[in-house]
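# Structure assessment
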Amino acid sequence: MAHDMFAPARPALTPELMIRAYAAGIFPMSDGAEDDSIFWVDPQRRGVFPLDRFHVSRSLARRIRQGGFEIAINRDFGAVVAACADRPETWINADIHNTYMALHAMGRAHSVEVWMEGLLAGGVFGVTLGAAFFGESMFSRRTDGSKLALAHLIERLRGGGFQLFDTQFTTSHLESLGAVELPRAEYRRQLQLALASEADFFAMDRAG
């Protein structure tokens, strides 16, 4: 007898589902801003930033000393996510964007922003669980905008007692700054240790 065939409904992407996924070592992506579908990624080799290996080049150190920029935390989280998605190819669709906004409202997602002359010049955002920071994306609108944000983020994670900075994948740019790849099993070992510990993303602010 003929009958209708249907694919099982995909569970709605929620902050709670995303938190469980991160804790299991997987994360969501989409094929584009206009693509409603979401797939889950569990890389065989995972990108991480060892917090003691961030490489500040002489040019970046000089740029930091020059000043002319302001670092802000969560001043405009939504604008940072939107800027990270505003590129020809993006993995952030509406569902993923909205879930990050919900995680931010819960105090789980944060942005480090670089402001120059009153405008958002660069930034990075990610999600915190235990002593793990899951870096999602970063962008630059001015030279060194993302590098300045990343340098501050590393300092903030060190000061807050974080143990794991997950970058998901590596690129030649990230590797030049100190990022490395870990086999899946080693990443999950470090992830479980970090999830069993506590860290404070705002420790630097409380210390004055």
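Residues numbered from 1 in each chain as written. Predicted model: local features only at pLDDT ≥ 70, side-chain atom pairs only at ≥ 80, totals over all residues. Heavy atoms only, no water.

This part is about the side chain of T99. Locating T99 in the fold gives a position in helix α4 (residues 94-105). Residue classification places T99 among the buried residues on the basis of a relative accessible area of 3%. At 2.7 Å, the side chain of T99 forms a polar contact with the backbone oxygen of D95. The contact partners of T99, leaving out residues within four places of it in the chain, are L13, T14, P15 and M18. (Helix = DSSP H or I, 4+ residues; strand = E, 2+ residues; numbered from the N terminus. Buried < 20%, exposed > 50% of the residue type's maximum accessible area, 1.4 Å probe, protein only. Polar contact = N/O pair within 3.5 Å; in protein donor to acceptor, adjacent residues only side chain to side chain. Contact = heavy atoms within 4.5 Å.)

Here we take up the pattern of salt bridges. All told, the structure shown has 9 salt bridges when counted by the stated rule. A salt bridge links E70 to R75, with the shortest nitrogen-to-oxygen separation between them at 2.5 Å. By relative accessible area, which is 38% here, E70 ends up partly exposed. Classification of R75 by relative accessible area gives partly exposed; the value is 45%. One salt bridge connects E186 with R189, and the closest N-O pair in it is separated by 2.8 Å. Highlighted residues: E186 and R189, both in helix α7 (residues 184-195), separated by 3 residues, approximately one helical turn. Residue classification places R189 among the partly exposed residues on the basis of a relative accessible area of 47%. Taken together, the salt bridges that share partners define one network made up of D42, R184 and R188. (Salt bridge = Lys/Arg side-chain N within 4 Å of Asp/Glu carboxyl O.)

Between two packed helices, both the angle of their axes relative to each other and the distance between the axes serve to describe the pair. One can describe the packing of helix α3 (residues 77-85) onto α4 by two numbers: an axis separation of 10 Å at closest approach and a directional angle of 155°. Between α3 and α4, the interaxial angle falls into the category roughly antiparallel. The two elements α3 and α4 cross, and the hand of that crossing is right-handed. Counting all contacts with α3, which are made through F77, G78 and V81, the residues of α4 involved are H97, Y100, M101 and H104. Across the contact of α3 with α4, the residue classes tally to 4 nonpolar, 3 polar and no charged. (Axes fitted to C-alpha atoms, helices over the stretch in contact; angles between N-to-C directions. Parallel < 35°, antiparallel > 145°, perpendicular 65-115°, else oblique. Left-handed = near helix turned anticlockwise from the far one by under 90°. Nonpolar A, V, L, I, M, F, W, Y, C, P; charged D, E, K, R; others polar.)

Here the structure, examined in full by the defined rule, presents 11 aromatic pairs. Considering the side-chain rings of F133 and F165, the 5.5 Å spacing of their centres and the 80° angle between planes classify their relative orientation as edge-to-face. With a gap of 32 residues between them, F133 in strand β7 (residues 132-140) and F165 in strand β8 (residues 164-168) connect regions that are remote in the sequence. Among the aromatic residues, those joined into a cluster by ring pairs are F49, F54, F133, F162, F165, F201 and F202. Of note, R75 hangs over the ring of W115, and the distance from its end group to the ring centre comes to 5.1 Å. Here the basic side chain of R156 rests over the ring of F201, its NZ or CZ set 5.4 Å away from the ring centre. (Phe/Tyr/Trp six-rings, centres within 6.5 Å; stacked < 30°, edge-to-face > 60°. Lys NZ or Arg CZ within 6 Å of the ring centre and 35° of its normal.)

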